[in-house]
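Residue-level structure breakdown
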Amino acid sequence: YTRLAAEMPALAEAGVTSVWFPPPSESADPQGYLPGRWYVLSNRTLLEAAVSAARFDVVLNHRTAMRISENSSGWTDFEGPDWGEWAIVADDWKCHPEEHLKTCPDNCTCGALDTGENACYAPDIDHTNPTVQADIIEWLRWLRTDIGFEAFRFDNTKGYAGNYTNYYIQQTDPLFAVSEFYDSNRNLVSGWLDSSSKASAVFDFGLRYKLRESVKHDDFSLMMDEWMGPMLWYDQDSAVTFTDNHDTAGDHHFEITDVFGTTNQIAVGYAMILSHPSRPCVFWQDWMGPNRNVIRTLLKIRENANIGPASTWRVVEGRRG
């Protein structure tokens, strides 16, 4: 947090309007993506000092418990807010080698069926439950009013129906919201955006993967894919573009190694996303790395050219070489 606070003036000067903070709540993993007690923040004083137009990473799909429940004989006794197995979806399955076991056994008072995809690494939250909804809204409001976060990044929104993300946003009124819907399929992305009433933008995974392959193979005809490619083709105003994030760069508990490319390839990637519409996201490691001046220059060009989410564009040619 001290390092983040120190970088805020340089980021603001470069034209960055919000900063994505990792989840600060008490967590079963060091990265913060297996949250337990939501209101327990490590280094809160330093966090509050660093918060300035910050975007908070909200993990609402799943949660880790503090105690073993007498009812389920598993880790389903949650604290802060206090929940039981009733807050877990009835069809939440564990990871290998226990994929045949449910987190909440059939003999317990589990919640409703999951409204999204299963996440086996932690109990999935039942978003249909009014108490769960109320607790989430109270916490998000607390993050805004007491801690100072102005925008939200919703983690793993494939895990629950899009209408709940819309509801939480409407009830807490962040200045901006972006969701991680980890897919490139145009039909699936558009379907989720429609289900959430487009209350939140989404990360453009289609552009990220097509751009990486285009730069790697020097073949920009790949960017012409209108169904598994960039959201520029169908919903540029809802897209947040990026080259890498904590997952693709291997800095996550899953240790996915899917980095965009070499230093020069990453620079080409930024030349693309910072010169085109949508809302570009600069990866922290790139900002702190050898491409810092390249990114700073491209951000200034973008600002001077007044490029934004709704800017017009056209393809003159998309080909190899």
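Since we're looking at a predicted model, the values are computed, not measured.

Focus on the packing of helix α1 (residues 2-14) against helix α9 (residues 292-304)
Following both chains from N to C, one finds α1 and α9 inclined at 40°, their axes separated by 9 Å at the closest point. Viewed along their axes, α1 and α9 adopt a mutual orientation that is oblique. Contact residues: Glu 7, Ala 10, Glu 13 and Ala 14 in α1; Arg 292, Arg 296, Leu 299 and Lys 300 in α9. In terms of residue class, the contact of α1 with α9 is built from three nonpolar, no polar and five charged.

Description of the state of the cysteines
The final tally for this structure, using the stated rule, is two disulfides. With its sulfur 1.9 Å from that of its partner, Cys 95 forms a disulfide with Cys 120. Disulfide Cys 95-Cys 120: torsion about the S-S bond near 90°, hence right-handed. Taken together, the positions of Cys 95 in the loop between β2 (54-58) and α3 (130-147) and Cys 120 in the loop between β2 and α3 put the pair 25 residues apart, joining distant regions of the chain. In this structure Cys 120 comes out as partly exposed when scored by relative accessible area, which is 30%. Here Cys 104 is linked by a disulfide to Cys 110, with a sulfur-sulfur distance of 2.0 Å. The sign of the -95° torsion about the S-S bond sets the Cys 104-Cys 110 disulfide as left-handed. The pair formed by Cys 104 and Cys 110 is uniform in burial state, with each residue classed as buried. Along the protein chain, the cysteines that take part in disulfide bonds pair up as 1-4, 2-3, counted in sequence order. No disulfide involves Cys 108; its sulfur sits 4.8 Å from that of Cys 104, the nearest cysteine. The class of Cys 108 is buried, set by a relative accessible area of 11%.

What about α9?
The first and last C-alpha atoms of α9 sit 18 Å apart over 13 residues, in line with the 18 Å expected at 1.5 Å per residue. Taken residue by residue, α9 has Arg 292, Ile 295, Leu 298, Leu 299 and Arg 302 as its buried positions. For α9, the angular spread of the buried residues around the axis is 130°, confining them to a single face. For α9, the exposed residues lying more than 90 degrees away from the buried face are Asn 293 and Asn 304. Phi turns positive one or two residues past the end of α9, at Asn 306, with a value near 60°.

What counts and what doesn't
Residues numbered from 1 in each chain as written. Predicted model: local features only at pLDDT ≥ 70, side-chain atom pairs only at ≥ 80, totals over all residues. Heavy atoms only, no water. Axes fitted to C-alpha atoms, helices over the stretch in contact; angles between N-to-C directions. Helix = DSSP H or I, 4+ residues; strand = E, 2+ residues; numbered from the N terminus. Parallel < 35°, antiparallel > 145°, perpendicular 65-115°, else oblique. Contact = heavy atoms within 4.5 Å. Nonpolar A, V, L, I, M, F, W, Y, C, P; charged D, E, K, R; others polar. Disulfide = S-S within 2.5 Å. Buried < 20%, exposed > 50% of the residue type's maximum accessible area, 1.4 Å probe, protein only. Expected span 1.5 Å × (residues − 1). Arc of directions from axis to C-beta.

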